[in-house]
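Below are the chains, spelled out letter by letter.
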Amino acid sequence: MAGFSELIKNFDKTRDYVRDFFIYGCKVRSDFDRKSVRTYGDEKRRVESWMGDYMRYDDSVRGRSVSISVDSGHIPENPLYNAYYSKSFTDNDIKLHFLLTDILQDGKSRTLRELTDTLNSEYEQLFDDQTVRNKLREYVDEGMIIAEKQGKTLCYSLSSDTADDFINSFRGLDDALKFFSETQHFGIIGNSILKMRRLKNDLFFIKHNYIIHTLEDILIPDILSAMDEKRCVCFRTFSAKRLKEGDLSGTENNVIPMQILVSVQTGRRYLAAYIPGLKRFSAFRLDYMKTVKKGDICENYDAVRAKFSRNISHCFGVSFGMRKETGTVTPMKITFFADEEKEGYIIERLEREKRCCSVEKTGEHLYTLTADVFDPNELMHWAKTFIGRIARIEGGTDTVRQRFYNDVSRMQKMYGGDEDEHIQ
């Protein structure tokens, strides 16, 4: 029986477990039905060893739930970065890492045959050519080793570029790294460089830092690479509702990736993509996505990209709704009341937050926002923050308008109206 190890081979499994059990914090041991109870114990111990003092335990009639409790405004480092430092490796991996860098540290270039001969003669380590070639190719992709052809032979040398040289040469670069280490996108890279330099972030503390999204960073490189190469991507999505119903198969998606979108309201990240089978655009939550695989080159990528640029200008948020084109529904018009003399800040907010809509004065103390957007529901969520100032709603679909009126009616019943006037 294999012993417990803090190192992991499959990051996807750990990512799901950390998200479902430790971030949301609403599941208990009995809810873990994907594998054995021992698997639950191993995963739990791994995360506890990574998170240290950030663990929280709550007991209920259903059992004990374990979660991560973090005040992001008071921590210098995202604790979830530790999950990325826990990937397992083989004996050959660690041996070749140090032996190859030791051989090449003199600055000279060598062929594959020279490297394997040196490993055998000087270090008494016997590796076949293919194993060494694969490791060299990996380090060439990482930028650690440079591969150059001398005649018909490929020669390898150690890159002279080091983080130490750059940080020492450019004033303030270390402070920039500290900031970069806590940004939402690829902060793990900045954190890795800081650890290598034995530096710590002592300058930047982010109050509203969505630390969970660092778990999605492992998906983004393949997505961005597919965009650069104008390829399709394939992935599976697992919604919380389907997982609750026991559906572990998920939904397979073959799409053409366009852009990574970030919601300014929730902080969630989405992949905006074109679905060839449905001939429409859609947005997929990254935290519901599994491993991304690059597919075939899309011959009409530029045409799809041009159409996306037109359509995204009609998205109030990240949703494309169920419509394929704009102009098929009368634009929605929402009229707000604002006193120019006393409530200039309301008008300023309308102008500042209108996004792809237009605002114009249409009467005394009345300002009308006109929107031709794919998903008016996103617009209405924002408009409700002006509740009490909405004078009228016109255009759009009957369903969206009626939902708003129903919500106002429900709110009146919940919080009282004229029938409560007798209450002192």
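Residues numbered from 1 in each chain as written. Predicted model: local features only at pLDDT ≥ 70, side-chain atom pairs only at ≥ 80, totals over all residues. Heavy atoms only, no water.

A. Geometry of helix α11 (residues 301-312). The terminal C-alpha atoms of α11, which comprises 12 residues, lie 16 Å apart, in line with the 16 Å expected from a rise of 1.5 Å per residue. All of the buried residues along α11 are Tyr301, Val304, Phe308 and Asn311. Considered in projection along α11, the buried side chains sweep an arc of 85° and stay on one side of the axis. Pointing more than 90 degrees away from the buried face of α11 are the exposed residues Ala303 and Arg310. Next to the buried residues of α11 lie α9 (220-229), β7 (251-262), β8 (269-275) and β9 (280-285). (Helix = DSSP H or I, 4+ residues; strand = E, 2+ residues; numbered from the N terminus. Expected span 1.5 Å × (residues − 1). Buried < 20%, exposed > 50% of the residue type's maximum accessible area, 1.4 Å probe, protein only. Arc of directions from axis to C-beta. Contact = heavy atoms within 4.5 Å.)

B. Here's a closer look at unusual backbone geometry. Even without glycine at this site, Phe186 takes up a positive phi of about 60°. Among the structural elements, Phe186 can be located in the loop between α7 (173-180) and α8 (187-196). For His365, which is not glycine, the phi dihedral falls at a positive 65°. Along the chain, His365 falls in the loop between β12 (358-363) and β13 (366-371).

C. Quick look at the sheet that holds strand β11 (residues 332-337). Taken in spatial order, the four strands of this open sheet run β12-β13-β11-β14, and their pairing is antiparallel. For this open sheet the edge positions go to β12 and β14 (390-394), each flanked by a neighbour on one side alone. Across the sheet, the axes of successive neighbouring strands diverge by a mean angle of 25°, strand direction being ignored. Where β11 lies against β13, six bridges are found, and the strand directions are antiparallel. The residue of β13 that forms the bridge with Met332 is Ala371. (Pairing = 2+ DSSP bridges. Axes fitted to C-alpha atoms, helices over the stretch in contact; angles between N-to-C directions.)

D. Structural context of the pairing of β8. Most of β8 sits out of view: seven of its seven residues are buried. Burial of the side chains of β8 extends over both faces: Arg269, Leu271, Ala273 and Ile275 are buried on one face and Tyr270, Ala272 and Tyr274 on the other. With six bridges joining them, β7 and β8 adopt antiparallel strand pairing. For Ile256, the partnering residue across the bridge sits in β8 and is Tyr274. For β8 and β9, the ladder comprises six bridges, and the chain directions are antiparallel. If you follow Ala272 over to β9, its bridge partner there is Ala283. Here β8 folds back onto β9, and the loop between the two strands holds four residues, one of which, Lys279, carries a positive phi near 55°.

E. The arrangement of the pattern of salt bridges in detail. Per the stated rule, a full pass over the model turns up 23 salt bridges. The partner of Arg389 in a salt bridge is Glu343, and the shortest N-O contact between them spans 2.7 Å. With Arg389 in the loop between α13 (376-383) and β14 and Glu343 in the loop between β11 and α12 (344-353), this pair connects stretches of sequence that are 46 residues apart. Residue classification places Arg389 among the buried residues on the basis of a relative accessible area of 18%. Residue Glu343 is classed as buried on the basis of its relative accessible area, which comes to 16%. The structure contains a network of salt bridges with shared partners spanning Asp93, Lys135 and Glu138. (Salt bridge = Lys/Arg side-chain N within 4 Å of Asp/Glu carboxyl O.)

F. Examining the packing of aromatic side chains more closely. Scanning the entire structure with this criterion turns up 13 aromatic pairs. Ring geometry for Phe336 versus Trp382: centroids 6.2 Å apart, planes at 75°, classification edge-to-face. Residue Phe336 is located in strand β11, and its partner Trp382 is located in helix α13; the two are separated by 46 residues in the primary sequence. For the pair Phe336 and Trp382, one class covers both residues: buried. On the numbers, 5.1 Å between centres and 70° between planes, the contact of Trp382 with Phe386 is edge-to-face. One aromatic cluster in this structure is built from Tyr274, Phe281, Phe308, Phe320 and Phe374. Arg285 extends its terminal NZ or CZ atom over the ring of Tyr288, reaching a point 4.1 Å from the ring centre. Residue placement shows Arg349 over the ring face of Phe386; its charged tip is 4.0 Å from the ring centre. (Phe/Tyr/Trp six-rings, centres within 6.5 Å; stacked < 30°, edge-to-face > 60°. Lys NZ or Arg CZ within 6 Å of the ring centre and 35° of its normal.)

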